[in-house]
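Listed below, chain by chain, are the residues.
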Amino acid sequence: MLVLTRKVHQSIVIGDDVEVVILEVRGEQVRLGIRAPRDVAVHRKEIYQQIQEENRSSANVDPSDIPDAHLP
Amino acid sequence: MTLSTRFGMVEYNEEDILTFPQGLLGLPALKRFLILEHKPGSPFRWLQSLDEPSMSLLVCDPWAYVADYDPQLRPTDETDLALTDSEARMILATASIPPGKPEGMTLNLLGPLVINLSKRIGKQIALDGGTYTIRHRVFQRSRPAVAA
């Protein structure tokens, strides 16, 4: 893994068209700004992984477990 | 055309195909789908992959269980889907059910599937903000928990 040290308002450039800017550092939290073309999807990793897991899990449902329509 | 699925052979036409140009989140190779009925009148459907016929995702009309669901699309999502106010759109949530425990069903309200029905294109989006969760339990009378 490439490791770089940056200060607030400095940035890194990935390839020709992705830029990641350090916006703010406060305690354990870092705010990043990301400039990327629209076809580059940017996600928080844990959200991305959990949605991937849910997608797989929804493909393993046994049809006999599906409830009848149930309006609350 | 016919496709062999986990439910048996399915007949379909070219115009039935839905295309997700970016694939599903975490499953980028799954780009082309059919929507299959579960039972007439049911809010559940199967999002049947054409690229990997063994993959049939259970999806649900989220409003059947969460009447006040209000996903806010970003302008870029609407552009990707060529959605204008007049285009017919459909929003579905994937549903997971632990084996033998329908009462444990959850809907992914954070990562809905948005479909432009007239152009037959779709996109799975991850919503901003902390309003909705990835595993929203439908059979309990609490509000959606706040996501981290």
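These figures come from a predicted structure and were not determined experimentally.

J.: Account for the overall build of chain B, with residues named and values stated.
T.: Within chain B, the secondary structure is distributed over one helix and 11 strands. In sequence order, the secondary structure elements of chain B are arranged as β-β-β-β-β-β-α-β-β-β-β-β. Relative to its length of 148 residues, chain B is compact, with a C-alpha radius of gyration of 15 Å against a globular reference of 15 Å. Here the C-alpha coordinates of chain B stretch approximately 45 × 40 × 30 Å along the principal axes. Counting all 148 residues of chain B, 36% fall into the buried class. Sequence separation of 24 or more characterises 48% of the internal contacts of chain B that already satisfy a separation of 6 or more.

J.: Got a sec to walk through the environment of His9 of chain A? Specific residues and values, please.
T.: Residue and element names in this part refer to chain A. Within the secondary structure layout, His9 lies in the segment before strand 1 (11-14). For His9, a count of 10 C-beta atoms within 10 Å puts it in the exposed group. Residues His9 and Gln29 lie 20 residues apart in sequence; the distance between their C-alpha atoms is 15 Å.

J.: Could you give an account of helix 1 (residues 45-58) of chain A, with specific residues and numbers?
T.: For helix 1 of chain A, built from 14 residues, the straight-helix expectation of 20 Å at 1.5 Å per residue is met to within 8% by its first-to-last C-alpha distance of 20 Å. Taken together, the buried positions of helix 1 of chain A are Gln50, Ile51, Glu54, Asn55 and Ser58 of chain A. For helix 1 of chain A, the angular spread of the buried residues around the axis is 145°, confining them to a single face. The exposed residues of helix 1 of chain A that point more than 90 degrees off its buried face are Lys45 and Glu46 of chain A. Looking at the buried residues of helix 1 of chain A, the elements they touch are strand 6 (56-60) and strand 7 (89-96) of chain B.

J.: Which residues make up the interface of chain A and chain B, and what values go with them?
T.: Every contact between the two is made by 22 residues of chain A and, on the other side, 31 residues of chain B. Within the side of chain A that touches chain B, the residues separate by chemical class into 11 nonpolar, seven polar and four charged.

J.: Account for unusual backbone geometry, naming residues and giving values.
T.: Residues and elements named next belong to chain B. Non-glycine residue Ala82 carries a positive phi angle of around 55°. For Ala82, a count of 11 C-beta atoms within 10 Å corresponds to the exposed category. Although it is not a glycine, Arg120 sits at a positive phi angle of roughly 60°. Within the secondary structure layout, Arg120 lies in the loop between strand 9 (113-116) and strand 10 (121-124). Accessibility expressed as a C-beta count within 10 Å gives 14 for Arg120, which makes it partly exposed.

J.: Could you give me a rundown of the sheet that holds strand 2 (residues 18-26) of chain A, with the residues and numbers involved?
T.: Residue and element names in this part refer to chain A. Here we have three strands laid out as an open sheet, ordered 1-2-3, and antiparallel in their pairing. The open sheet terminates on both sides in strands that have one partner only, identified here as strand 1 and strand 3 (29-35). When strand polarity is set aside, the average angle formed by the axes of neighbouring strands in this sheet is 25°. In terms of strand pairing, strand 2 meets strand 3 through seven bridges, oriented antiparallel. Residue pairing in the sheet places Ile22 in a bridge with Leu32 of strand 3.

What counts and what doesn't
Residues numbered from 1 in each chain as written. Chains lettered and ligands numbered in written order. Predicted model: local features only at pLDDT ≥ 70, side-chain atom pairs only at ≥ 80, totals over all residues. Helix = DSSP H or I, 4+ residues; strand = E, 2+ residues; numbered from the N terminus. Rg over C-alpha atoms; globule rule 2.2 N^0.38 Å. Buried ≥ 20, exposed ≤ 12 C-beta atoms within 10 Å, placed from the backbone. Contact = placed C-beta atoms within 7 Å. Expected span 1.5 Å × (residues − 1). Arc of directions from axis to C-beta. Nonpolar A, V, L, I, M, F, W, Y, C, P; charged D, E, K, R; others polar. Pairing = 2+ DSSP bridges. Axes fitted to C-alpha atoms, helices over the stretch in contact; angles between N-to-C directions.

No statement about biological role is implied by the geometric values presented.
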